[in-house]
Amino acid sequence: MWRRVLALVRKEFLALLKDPKSRLVLVVPPLVQLLVFGYAATFDLRQVPIAVLDEDRSAASRELLAAFGAGTTFVKVAELGSAAEIAPLVDGRRVLAVIHVGPRFADDLLSGRPAPVQVVIDGRNSNTAMVALGYVRSTVERFNAGWMAARGLPAPPARLEMRAWFNPNLESRWFFIPGIVGMLTLVVTMLVTALTVAREREQGTFDQLLVTPLRPGEILLGKALPGFVIGILQATLIMVVARAWFGVPFLGSLAAFYAGLALFLLSGVGAGLLISSLSATQQQGLLGAFLFMVPAVILSGFATPIANMPEAVQLVTYADPLRYFLIVLRRVFLEGAGFALVADQLWPMAVIGAVTMSLASWLFRHRMY
Amino acid sequence: MSAARGGAAMRLRGLLRKEFLQIVRDPSSIAIAFLMPVFLLALFGYGVSLDAEDVPIALVQDAPSRDGADFLASLRGSPSFAPRDAASMAEAERLLREGAVSGIVRLPADFPRRLREAPGAPIQVVVSGVDANTARLVQGYVEGAWGNWLAARAARQGQAMATPVDLQPRIWFNGELRSRNYLVPGLVAIIMTLIGALLTALVMAREWERGTMEALMVTPASMTEVLLGKLGAYFVLGTGGMLLSVAMAVWLFEVPLRGSFWVLWACSSLFLLAALGMGLTISTLARSQFVAGQVAIIATFLPAFLLSGFIFDIGAMPPVVQAITHVVVARYFVAIVQTLFLAGDVWAVIVPNAAALAIMAAAFLAITWRKSRKRLD
């Protein structure tokens, strides 16, 4: 039996790697994409473009606005002369925020009344707006603390001491890069598996395969192994780059990482082969690959937390193998999880893998055109 | 002259008819154009949200006190939190580690005494930094509750709160900061990128692979006409999908459409030309359906998802990556739809992005046209 399977595996590898274009597609994009996406995927802002409108022109207002010029968080793009200039700048996306100091700022401040300062923020991207507002707020709070200390005003009776576990500087890149490792692995398994059976069906060679002594289980094995091998190799490469290039800590055990990866590949390859064996043409296979891949990524909790989704959608995410793999990856990378801490995420992937694999193998024989 | 033109029109009509017949006979194209947008928008419109509500947090008081209860009441009253009491810090840490809570707020045993002494009492806030964005939100919510509590306490004691500068945020275009309002228009752009490329990524390669391209070559139809036939048929399908998506965004998800519908229509048409052109280019260059399918999987979804400004701000990326985003078609359309839906007809945003779309569409179609001469090799 193994000789037959090995022969089929060899043929599958040849089919994948013989075409130079196909070879290129399998090797180069994942690495390039990790580098580009690794830099792109962050919610932290740098050099937020702002404009200032100072109607007071006092020493106090200049001191406040100078606080926004210091450091690399903000870049002052324009100084405005009147409130009428705010709208065109914000509408045209030239600035993300405008700090507007009213004419009575210094009077209020010096007489001990709260001095209002308006900040206009472009809310088109509400998340960016919220992050930018947070930066503005902490700059103003630093100014307030300094102002009160310099004038001997009493400090508030209680203060917050914030600490963040696992990621002390709250770098959102540390959250996203393990997620990218998972996403790229999913894409690779789809590339290798989703079109293979469909191509053979369309070209008629699958019928030939069915009349060979190979049993459906053996065909399945032969079709699944290349995806498995390529997936393991690529995920390893991507993991090393994430660790070495981006400096994301890898604190957990390699055994936990590879156990998660193997089961995820099982479920991903299973889903890919199921799609492929359901399709009569490659066009249908491609459609199926997208119909699986896109929801799998968006509902995995990669960018938007699963906890924010409505109950019904949260239930759907339990069928998404990427959901479990991302939890494994984040726990292994950032929380230093060993095997025991990820065990509860492993069996669902095994179940998904077993179901999709057996369905695919059943369909080999029972879906004929 | 007129006879020749009539011939061209007739040939084009014939080609269009052939494409439509092919579309109707393999229902997957129709599924791509109409089922995909409905399915994906419904799933994501409901599923994708960055607004954290009812964040579970654990409250720990080392020694219960009236002052402590007073502060914790401000957290319990906040709609942002779903607080639960933990008997000890050890228990709270266990909950955080298991992911049952996203943060811990702990008051030390001497909280009431230190509240009345010089440097003030510390309130410990611990968050899990794995999801840095949610962690920041939780910190912000705690800060808000803390500020309200300080102000209420000062008012009760008859003092004015000493805040030198009082920051008053004005959020334009999306006052309640509903993340769905920017995610849904962005999703329309992402989904249409996929659909545009999916519709056409295999069509040229299919003709080459099956040998029917050679059959087309011996007809009087020119290559330009063959291309126009394909583009026209799929453009009609894509426009249908687009209208469906916009209708769902406006009526199902109640995203305000503040700009003009006709500007949106015009920009969508440009964008569709670019997206279909990208599919045709992939198809023409790959020449085999298998490779074209692989390229379509790699080149469309993840770049459109991550590099278009749909979710990650392009301005925050390093310059090199920002330069790369310029070849992502979806980037220009995301900027246009976010502005058209939430801000209105802002020409300063629309004109440059629409121009970029036109250039990309022209470039893709030119590459396709040049590479698909009537030639056997």
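Reading the values: rules and limits
- Residues numbered from 1 in each chain as written.
- Chains lettered and ligands numbered in written order.
- Predicted model: local features only at pLDDT ≥ 70, side-chain atom pairs only at ≥ 80, totals over all residues.
- Helix = DSSP H or I, 4+ residues; strand = E, 2+ residues; numbered from the N terminus.
- Rg over C-alpha atoms; globule rule 2.2 N^0.38 Å.
- Buried ≥ 20, exposed ≤ 12 C-beta atoms within 10 Å, placed from the backbone.
- Core = buried A, V, L, I, M, F, W, Y, C linked by C-beta atoms within 7 Å.
- Pairing = 2+ DSSP bridges.
- Axes fitted to C-alpha atoms, helices over the stretch in contact; angles between N-to-C directions.
- Contact = placed C-beta atoms within 7 Å.
- Domains from an automatic or database assignment.
- Parallel < 35°, antiparallel > 145°, perpendicular 65-115°, else oblique.
- Left-handed = near helix turned anticlockwise from the far one by under 90°.
- Nonpolar A, V, L, I, M, F, W, Y, C, P; charged D, E, K, R; others polar.
- Expected span 1.5 Å × (residues − 1).
- Bend = angle between axes of the 7 residues up to and from the residue.

1. Observations concerning the overall build of chain B
1) Next: Helix and strand content of chain B: 15 helices and five strands.
2) Next: Taken over C-alpha atoms, the radius of gyration comes to 29 Å for chain B, far larger than the 21 Å a tight globule of 377 residues would show.
3) Next: Residues counted as buried form 49% of the 377 residues belonging to chain B.

2. Structural notes on the nonpolar core
1) Next: Residues Val187(A), Met293(A), Leu198(B) and Ala274(B) are the most contacted members of the largest nonpolar core, which totals 205 residues.
2) Next: Among the elements that take part in this core, helix 7 (residues 179-201) of chain B stands out by supplying 15 residues, more than any other.
3) Next: Counting 34 residues, the second-largest nonpolar core is a separate cluster that includes Ala97(A), Ile99(A), Val131(A) and Val140(A).

3. Some remarks on the sheet that holds strand 1 (residues 55-61) of chain B
1) Next: Strand order in the open sheet made by the five strands is 5(A)-4(B)-3(B)-1(B)-2(B), with mixed pairing throughout. Because the sheet does not close on itself, it has two edges, and the strands there are strand 5 (158-165) of chain A together with strand 2 (81-85) of chain B. Averaged over all neighbouring strand pairs, the angle between strand axes comes to 25°, with direction disregarded.
2) Next: Sheet analysis places strand 3 (residues 103-107) of chain B next to strand 4 (residues 121-128) of chain B, joined by four bridges and oriented antiparallel. Bridging from a neighbouring strand, Val105(B) pairs with Val125(B) of strand 4 of chain B.
3) Next: Along the sheet, helix 6 (residues 132-156) of chain B makes contact with strand 5 of chain A together with strand 1, strand 2, strand 3 and strand 4 of chain B, crossing strand 4 of chain B at roughly 155°.

4. Observations concerning the domain arrangement of chain B
A common way to state how big an interface is: give the accessible area lost once the parts meet.
1) Next: Splitting chain B by domain gives domain 1 (8-48 + 178-371) and domain 2 (55-156).
2) Next: On a C-alpha basis, the centres of domain 1 of chain B and domain 2 of chain B stand 48 Å from each other.

5. Section: the packing of helix 2 (residues 20-40) of chain A against helix 10 (residues 216-244) of chain A
Residue and element names in this part refer to chain A.
1) Next: For the pair helix 2 and helix 10, interaxial distance at closest approach is 10 Å and the crossing angle is 30°. On the basis of the axis angle, helix 2 is roughly parallel to helix 10. By crossing handedness, the relation of helix 2 to helix 10 is classed as right-handed. Contact residues: Leu26, Pro30, Leu31 and Leu34 in helix 2; Ile230, Gln234, Ile238 and Val241 in helix 10.
2) Next: Considered class by class, the residues forming the contact of helix 2 with helix 10 number seven nonpolar, one polar and no charged.

6. Re helix 12 (residues 282-298) of chain A
1) Next: A rise of 1.5 Å per residue sets the reference length of helix 12 of chain A, with its 17 residues, at 24 Å; its end C-alpha atoms lie 24 Å apart and thus fit the reference within 8%.
2) Next: Of all 17 residues in helix 12 of chain A, 16 are buried, a share of seventy percent or more.

7. Some points on helix 2 (residues 28-47) of chain B
1) Next: Roughly 40° is the biggest bend found in helix 2 of chain B, and it falls at Leu35(B), with proline Pro37(B) one to four residues downstream.
2) Next: Among the residues of helix 2 of chain B, Ser28(B), Ser29(B), Ile32(B), Ala33(B), Met36(B), Pro37(B), Leu40(B), Leu41(B), Phe44(B), Gly45(B) and Gly47(B) are the ones counted as buried.

8. Description of the environment of Gly38(A)
All names here are of chain A.
1) Next: If you trace the backbone, Gly38 turns up in helix 2.
2) Next: For Gly38, a count of 22 C-beta atoms within 10 Å gives the class buried.
3) Next: Put simply, Gly38 and Arg173 are 135 residues apart on the chain and 7.3 Å apart in space, counted from C-alpha to C-alpha.
4) Next: In this structure Gly38 touches Ile177, Ile180 and Phe246, once residues within four positions along its chain are discounted.

9. Some points on the environment of Phe228(A)
All names here are of chain A.
1) Next: Looking at the element boundaries, Phe228 is found in helix 10.
2) Next: Phe228 sits in the buried class, given 20 other C-beta atoms within 10 Å.
3) Next: Along the sequence, Phe228 and Leu274 sit 46 residues apart, while their C-alpha atoms lie 15 Å from each other.

10. With respect to the environment of Arg365(A)
1) Next: For Arg365(A), the position within the fold is in helix 15 (residues 339-366).
2) Next: In this structure Arg365(A) comes out as exposed when scored by C-beta crowding, with 12 C-beta atoms within 10 Å.

11. A look at the interface of chain A and chain B
1) Next: Contacts between the two partners involve 98 residues from chain A and, on the opposite side, 91 residues from chain B.
2) Next: Ranked by the residues each element gives to the side of chain A that touches chain B, the list is headed by helix 6 (residues 126-150) of chain A, at 14 residues.
3) Next: Within the side of chain A that touches chain B, the residues separate by chemical class into 62 nonpolar, 20 polar and 16 charged.
4) Next: One ladder, built from eight bridges, connects strand 5 of chain A with strand 4 of chain B; its direction is parallel. Its bridge partner being in strand 4 of chain B, Ala158(A) is matched across the sheet by Ala121(B).

12. Digging into the pairing of strand 3 (residues 97-101) of chain A
All names here are of chain A.
1) Next: Counting buried positions along strand 3 gives five out of five residues, so the element sits mostly inside the fold.
2) Next: Side chains Ala97, Ile99 and Val101 project from strand 3 onto one buried face, and the interleaved Val98 and His100 project onto a second face that is buried too.
3) Next: Summarising the sheet, strand 3 and strand 4 (residues 115-122) pair through five bridges and their orientation is antiparallel. Across the sheet, Ala97 pairs through a bridge with Ile121, a residue of strand 4.

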